[in-house]
Amino acid sequence: DLFLSIRSGRCVDKVMQELSKAFAVISSDMLFEEVVRGQKKFTDWGSIVFSKQIRLLQNLISNLLIAPDYHSFPKSTSNEPLSTATIIQQFEKINEVCMVLQLDKPSDWIAHRYCVKETLSVEEVRSIMLQRIDFPPSVVENVCKSLNKQ
């Protein structure tokens, strides 16, 4: 089993980094597509649960690179913990999706969008907001119109 080989130390650091990055890319892209392009509907509570699941997945993949106990595997050959920056970077867009889903009201995005890297287009924001069952479509449309003007 590949994961057991990695955890037991029989895997080269570079291979482990590339596998973790590939897994992060595939899983975050798949989840992004499911929310933005799919018909998954969310409640306020459902968006919180989804966000927690994303963090758990991100932690699982990151833990392939760095163990909580720095004296155990995995370590790089230089005895430095392997970087999880590439994993975190791959989850930026899906984390932004979670932020949109967790808004109290659609208009909150106008203020929050300045706090993030803003990797989502206005069309993607519209699609994500429309997945929330408690966001009226007319309000979402008005917010997105104001985003287009900015």
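Residues numbered from 1 in each chain as written. Predicted model: local features only at pLDDT ≥ 70, side-chain atom pairs only at ≥ 80, totals over all residues. Heavy atoms only, no water.

(A) Looking closely at the overall build of the protein chain. Scanning the protein chain from terminus to terminus reveals 8 helices and 0 strands. N-terminal to C-terminal, the α/β element order of the protein chain is α-α-α-α-α-α-α-α. Residue pairs at least 24 apart in sequence account for 68% of intrachain contacts in the protein chain once pairs closer than 6 positions are excluded. A total accessible area of about 8700 Å² is found for the protein chain, and carbon and sulfur atoms account for 58% of it. (Helix = DSSP H or I, 4+ residues; strand = E, 2+ residues; numbered from the N terminus. Contact = heavy atoms within 4.5 Å. Areas by Shrake-Rupley, 256 points an atom, 1.4 Å probe, with all protein chains shown as cover.)

(B) Structural view of the environment of Val125. Mapped onto the secondary structure, Val125 falls in helix H7 (residues 122–129). Taking relative accessible area as the criterion, Val125 reaches 1% and is therefore assigned buried. For the pair Val125 and Val100, spaced 25 residues apart in sequence, the C-alpha to C-alpha distance is 7.2 Å. Residues within four places of Val125 in sequence aside, it is in contact with Val100, Trp109, Leu120 and Leu147. (Buried < 20%, exposed > 50% of the residue type's maximum accessible area, 1.4 Å probe, protein only.)

(C) Local environment of the environment of Leu65. In this fold, Leu65 is placed in the loop between helix H3 (44–63) and helix H4 (85–90). Counting along the chain gives 45 residues from Leu65 to Ser20, while the straight-line C-alpha distance between them is 7.6 Å.

(D) Examining the nonpolar core more closely. Formed by 30 residues in total, the largest nonpolar core has its most connected members in Phe50, Phe91, Ile94, Val97, Ile128 and Met129. Contributions of two or more residues to this core are made by helix H2 (13–36), H3, helix H5 (92–101), H7 and helix H8 (137–149). Take this core: its biggest share by element is 6 residues, from H2. Every residue in contact with Phe91, bar those within four places of it in the chain, is listed here: Ala24, Ser27, Ser28, Ile54, Leu57, Gln58 and Ile61. (Core = buried A, V, L, I, M, F, W, Y, C linked by side-chain atoms within 4.5 Å.)

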